[in-house]
Amino acid sequence: MQTANVNRLTPYLFLAPAVIVLAVALLYPIGYMIWASFLNWNPSQRIGEAEFVGLRNYMFLLQDGAFRESFFVTIRFAVIVVVLEMCLGVGLAFLLDRKLRGMTVLRTIFILPMMIAPIVVGLMWRYMYHPSVGIFNRTLKSLGLDPVPWLSNGDWAFASIVIADIWQWTPFIFILSLAALQSLPSSAMEAARIDGATGWRLIWHIKLPLMMPVLIVTALLRMIDAFKVLEVILVMTNGGPGLSTEILALRISRTASEFRELGTAAAMSNLLLLLLMLLTLAMFAYTKITEARAARLRARAEKDS
Amino acid sequence: MSANAQAKGPNPAFYALLVALIVMSAGPIVLMLATSLKLNVEIMSDTSSLIFMPTMQNYETALCDMLWYEPEHVRYCDPTFGRALVNSLIVATVSTILTLVIGCMAAYSLVRFRFMGRDVVSLTTLMTRMVPPAVLLVPVFGIWTFQYGIDGTRMGIILIYVAMNLPFVIWILQSFIVQVPIQLEEAARMDGAGPFQTFFLVVLPLIKPGLAAAAIFTFRVAWNEFLLGNALADRNSRTVPVTIVNSLTEYDIDWGVIMATGMLLAVPPIIFTFVASRQIITGMTAGAVKG
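Residues numbered from 1 in each chain as written. Chains lettered and ligands numbered in written order. Predicted model: local features only at pLDDT ≥ 70, side-chain atom pairs only at ≥ 80, totals over all residues. Heavy atoms only, no water.

Rules: UniProt positions are given in the numbering used here, feature names are shortened, and annotations may be inferred rather than shown by experiment.
Going by the annotation in an unreviewed UniProt entry, the name recorded for chain B is Trehalose transport system permease protein SugB, with Pontivivens insulae given as the source organism. As recorded by UniProt, the Sequence similarities (unreviewed entry) comment attached to chain B reads in full: "Belongs to the binding-protein-dependent transport system permease family." UniProt, in the comment section headed Subcellular location (unreviewed entry), describes chain B in these words: "Cell membrane".

Per an unreviewed UniProt entry, chain A goes by sn-glycerol-3-phosphate transport system permease protein UgpA and derives from Pontivivens insulae. Per UniProt, chain A has the following entry under Sequence similarities (unreviewed entry): "Belongs to the binding-protein-dependent transport system permease family."

In structure tokens:
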């Protein structure tokens, strides 16, 4: 009898530490934040002393031009980097899908930008974009061309953070899509080859559709991460000039620490969280659907044979 | 291009592309390294190139409070970096160990047992994976300061890093534990091993690659994180990213010293990359390919 009890408790014993930590340091804070978004709260007060203001923080955000601007900057940034990085990463994966001797070196070097601290990535790019000592303007100058206001003009600054993100994250797409490409079922490739599909048609009609599930999950993962980017931009531009590169995450941290409006910052955090939650759910639903479809196909194939 | 052509010898164009990509990817890092070894006179001068006399002066300035001698060129020694380095090491190491221990047990429980509440836990870890640090900023600051009273301590920073990394670690280790043949665990149980013995002595050794990947990812996040560390740390518990950002000014940046500190922060991740690139790629691909 006692052993049965122990057995029933075992999974909970294994799980308990994780559940406690997640509850204390992740779920509780999230609930706390939802509550805080209905308060007029500044950092010198205890939360109990803050005044309850209902939906006022959310109403304020709806009318706030700066918030709207930073919301669109965030969306624009995420969409542009994901599209460009997917094109580049998948394209490179197709180009380099062969057994070259230097591939291991390339893959190792390619991971570096993702492993290094975002703070440091920001520093490197800020240095390279520097108006006088930066390598880009120096090169332009030595070619006799005009310098570019990389980080001091709004549009250029936006382009600059996009370029830095492409440098840092295209390898992620490349590595994942190369893995997907190389794990395509050889039987399908063989069949396509027998049917005479080559070159572009093989890629476009056979390989890409087969890779689609992985590519979509990759794009969604990257999209979620793109909404989280903060430190690289903080170091490079700190959101400026003006609001041109002020993504939501930066706006939240500024609202909390500079403007000392924790309630508004919490409301913003909630909206960002909601957005990311939807993306995660989309990814989750998509994987479930493709898994179910694959299972159905497999079942049919078995019945046929 | 037919399949035969692919199998034939390497094409120079592909090698050119390969080399170009390697140069583009590593270029900024090499530039940072080069700058960290230059004097400011050389950084500012117009003849910038890779040919210069390397100097350790910037590193001496950055690490001045940890040196056993006093470098002549350091006029004012800022005693924060050495302490920050120690803080970073402690915070990253302790939070990595805790996350791994707690995470692998949870992952095992989710994979191998059917019990009430399993789906809830599983879904929660999945959904909390995407919570960005910026979202946690306000509540964590409030709770750590006013309720737990652990703001400004390393313990407080460690707690939030463990919580942030747990969902990812649980989820990635699940995909490794699934692959462990269940017969091995049954055999161990026949021999009289309890569930904890089975787990620690039979399962854990078999998922070492997964643990390595999870450890690298966790350490990287804890070592590199800035935002929450900045909100929670006081002067004594600051980590390296926090000191670096706080030393940045709008103008007159001492690029040599800043690049040296950046290099020092980048060294551990660079070492991991060269030692364990295979595990890192496994960890990354497990994410998308296995859903």
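Now that the structure has been shown, we can carry on.
Some points on the overall build of chain B
So the rule is basically this: For helices the rule is a DSSP run of H or I covering at least 4 residues; for strands it is a run of E covering at least 2, with both sets numbered from the N terminus onward. Exposure categories follow from relative accessible area, calculated using a 1.4 Å probe and restricted to protein chains: below 20% of the type maximum is buried, above 50% is exposed, and the middle band is partly exposed. Working rule for contacts: check all heavy atoms of both residues, and any pair within 4.5 Å makes them a contact. Note on areas: these come from Shrake-Rupley sampling with a 1.4 Å probe, and a residue is covered only by the protein chains present in the view.
When helices and strands are tallied, chain B shows 14 helices and zero strands. Projected onto its principal axes, the C-alpha positions of chain B cover 70 × 70 × 35 Å. Counting only residues that meet the buried cut, chain B has 53% of its 291 residues in that class. Sequence-distant contacts, at least 24 apart, represent 70% of the contacts inside chain B between residues at least 6 apart. Working note: accessible area of chain B is about 13,400 Å², and carbon and sulfur atoms make up 64% of it.

Points about the UniProt feature "transmembrane region" (unreviewed entry) in chain B
Residue and element names in this part refer to chain B. The sites that UniProt annotates as "transmembrane region" (unreviewed entry) are residues 12–34, 89–111, 131–150, 156–178, 199–223 and 255–276. Across residues 199–223, the secondary structure splits into 96% helix and 0% strand, with the terminal C-alpha atoms separated by 29 Å. Between the end C-alpha atoms of residues 255–276 there is a gap of 31 Å, over a span that is 100% helix and 0% strand.

Digging into a positive patch on the surface
Residue and element names in this part refer to chain A. This is how it is decided: Patch definition: residues with relative accessible area over 30% and no salt bridge; like charges joined within 9 Å; nonpolar side chains (Val, Leu, Ile, Met, Phe, Trp, Tyr) joined within 5 Å. Here, a salt bridge means any side-chain nitrogen of Lys or Arg that lies within 4 Å of a carboxyl oxygen of Asp or Glu. This count recognises Lys and Arg as positive and Asp and Glu as negative, with His and chain-terminal groups excluded. To locate a charge, take NZ of a lysine, CZ of an arginine, CG of an aspartate or CD of a glutamate.
Together, Arg293, Arg296, Arg300 and Lys303 line one region of the surface with positive charge. Structurally, the position occupied by Arg296 is in helix α12 (residues 262–304). According to the relative accessible area criterion, Arg296 is exposed, its value standing at 53%.

Observations concerning the interface of chain B and chain A
Keep this limit in mind: By definition, the buried area sums, over both parts, the 1.4 Å-probe accessible area that each loses when the two are put together. We define a polar contact as two N or O atoms separated by no more than 3.5 Å, with the added condition that, inside protein, one atom must be a possible hydrogen donor and the other a possible acceptor, whereas residues neighbouring each other in sequence contribute only through side-chain atom pairs. Ten residues, namely Ala, Val, Leu, Ile, Met, Phe, Trp, Tyr, Cys and Pro, are considered nonpolar, four, namely Asp, Glu, Lys and Arg, are considered charged, and the remaining ones, Gly among them, are considered polar.
Of the residues lining the interface, 99 residues belong to chain B; the matching set on chain A comes to 92 residues. Summed over both partners, the interface of chain B with chain A buries about 8,600 Å², with 80% contributed by carbon and sulfur atoms. The tally of links from chain B across to chain A stands at zero salt bridges. Seen at the junction of chain B and chain A, the total is ten residue pairs in polar contact (both at pLDDT 80 or more). Considering every element that reaches the side of chain B that touches chain A, the biggest residue donor is helix α14 (residues 255–289) of chain B, with 18 residues. Looking at the side of chain B that touches chain A residue by residue, the classes come out as 75 nonpolar, 19 polar and five charged.

A short note on the environment of Ile22 of chain B
Here Ile22 of chain B lies in helix α2 (residues 12–36). Beyond its immediate stretch of four places on either side in the chain, Ile22 of chain B contacts Val105, Leu106 and Ile109 of chain A together with Gly27 of chain B.

Examining helix α6 (residues 135–142) of chain A
The line we're drawing: The arc refers to the directions leading from the helix axis to the C-beta atoms.
Asn137, Arg138 and Leu140 of chain A are the residues of α6 of chain A that are buried. Across the axial projection of α6 of chain A, the buried residues extend over an arc of 160 degrees, all falling on one side. In this structure, the buried side of α6 of chain A is in contact with α3 (40–44) of chain B. Following α6 of chain A by one or two positions, Gly144 of chain A adopts a phi angle in the positive range, close to 80 degrees.

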